[in-house]
Amino acid sequence: SAEVIDGRACARRLKEQLVRDVSAARADGVGIGLATLAVGDQYSAGAYERRLRRLAAEVGVPYLHRSLPGTASEADVLAELEVLGADPSVTGILVLRPLPPGIDEARVFRAVDPLKDVESVHPENAGLLALGVPRFVPSTAASVFHLLDTWLDSVGEDRAAFYHRANIVVVGRSNNVGKPAISLGYERQATVQSVDEWADRTTGIGRHTRWADVLVVAAGKAGLIRAEHVSEGAVVIDVGINPRTGADGSVHMVGDVDFESVAPRVRAITPVPGGVGPVTDVWLLRNTVTAARLVAGARTPVEVP
Ligand code: NAD
């Protein structure tokens, strides 16, 4: 049966390093601050926001949450981003998704200060990532490959040798998860295939996913990937987080992969919860430190009279 890749343990190690990075930045006089912006009241965004707030407190990063009502106009959102962009105590800005219908996500993302854009949503940063010279690597895709890299190290496989012959199949092509993951696969000189909903509707995704040595699933469909969709010995990274209501009315999270049927076939797999999610949270804070150092370096020196 598959080795279960422990995202929580991985996140713990990253967090220890993050604490050291935060104090080193502070010692260098670099101010760090993360701001999140939510519009409307969305279950998944709220849960993510609370986790980030707790983590920021644990690692000593000042945290500011701005919340606009679901009735806010696009102009309100843009105005809020301008305030955050100009605030010197804010060095990282995260716009929580999804935004309410009627608000143009692309226009909102263009209004995020590119030097504080910790999720690389601004076209300038998305472009740099696609060109292979990222300023910030979006936290979820970064976590997918961090988990893969550390797993390869743990089993004594040479990373370059593994990736050069690997066929990586990414299910889901969103701008925030699927596409960045594709870019990171290319950067590792792997062969990367991208599968989205249309492939599933026309031929079924199994036709593509069965070729995967590494299967990254980010579709947001509970249990989409079952045993017949994976090849024996594949490594499966499940990004999906889907709320499922139990018989007693309690809500718990399940992935896009049907863990029970897939795990016995594959070489390694990430669970949900406890896989990609915990690593993503730490990575976002890590990007905030990177952004703080960038802003500090970019700022013109203060004139001393
Ligand atoms: P999204 O809805 O923006 O994009 C989903 C993508 O999956 C689209 O490209 C769509 O075409 C594709 N898709 C949908 N159904 C499909 C199917 N049947 N077959 C193949 N492709 C299909 O979602 P997103 O923001 O990319 O997030 C995807 C999932 O990952 C969600 O469950 C989300 O909650 C989760 N997520 C997890 C983390 C984490 O840290 N673990 C971070 C971000 C998102």
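Residues numbered from 1 in each chain as written. Predicted model: local features only at pLDDT ≥ 70, side-chain atom pairs only at ≥ 80, totals over all residues. Heavy atoms only, no water.

Neighbouring the ligand are 24 residues, the closest being Arg173, Ser174, Asp200, Lys221 and Thr280. Contact distances for the ligand include 3.1 Å between a nitrogen atom and a backbone N or O atom of glutamate 197. For the ligand, the accessible surface in isolation is 870 Å², of which the surrounding protein chains cover 78%. Among the elements of the structure, helix H9 (197-202) and helix H12 (276-298) are those that each provide at least two residues to the shell around the ligand. By residue number, the principal contributor to the shell around the ligand is H12, which donates three residues. (Near = heavy atom within 4 Å. Polar contact = N/O pair within 3.5 Å; in protein donor to acceptor, adjacent residues only side chain to side chain. Areas by Shrake-Rupley, 256 points an atom, 1.4 Å probe, with all protein chains shown as cover. Helix = DSSP H or I, 4+ residues; strand = E, 2+ residues; numbered from the N terminus.)

Another aspect to go through is the packing of helix H1 (residues 7-27) against helix H2 (residues 43-59). Between H1 and H2, whose axes approach to 9 Å, the crossing angle comes to 60°. Viewed along their axes, H1 and H2 adopt a mutual orientation that is oblique. Contact with H1, carried on its side by Lys15, Leu18, Val19 and Val22, involves Leu55, Glu58 and Val59 of H2 and no other residues of that element. Of the residues assigned to the contact of H1 with H2, the class counts are five nonpolar, no polar and two charged. (Axes fitted to C-alpha atoms, helices over the stretch in contact; angles between N-to-C directions. Parallel < 35°, antiparallel > 145°, perpendicular 65-115°, else oblique. Contact = heavy atoms within 4.5 Å. Nonpolar A, V, L, I, M, F, W, Y, C, P; charged D, E, K, R; others polar.)

This brings us to the domain arrangement of the protein. With domains assigned, the protein is organised as domain 1 (30-137 + 280-298) and domain 2 (139-278). For domain 1 and domain 2, the distance between their C-alpha centres works out to 25 Å. Across the contact, 15 residues belong to domain 1 and 16 residues belong to domain 2. Summed over the shared surface of domain 1 and domain 2, the number is zero salt bridges. Connecting domain 1 to domain 2 are nine residue pairs in polar contact (both at pLDDT 80 or more). Taken together, the elements giving at least two residues each to the side of domain 1 that touches domain 2 come down to H2, helix H5 (123-130) and H12. Top contributing element to the side of domain 1 that touches domain 2 by residue count: H12, with six residues. (Domains from an automatic or database assignment. Salt bridge = Lys/Arg side-chain N within 4 Å of Asp/Glu carboxyl O.)

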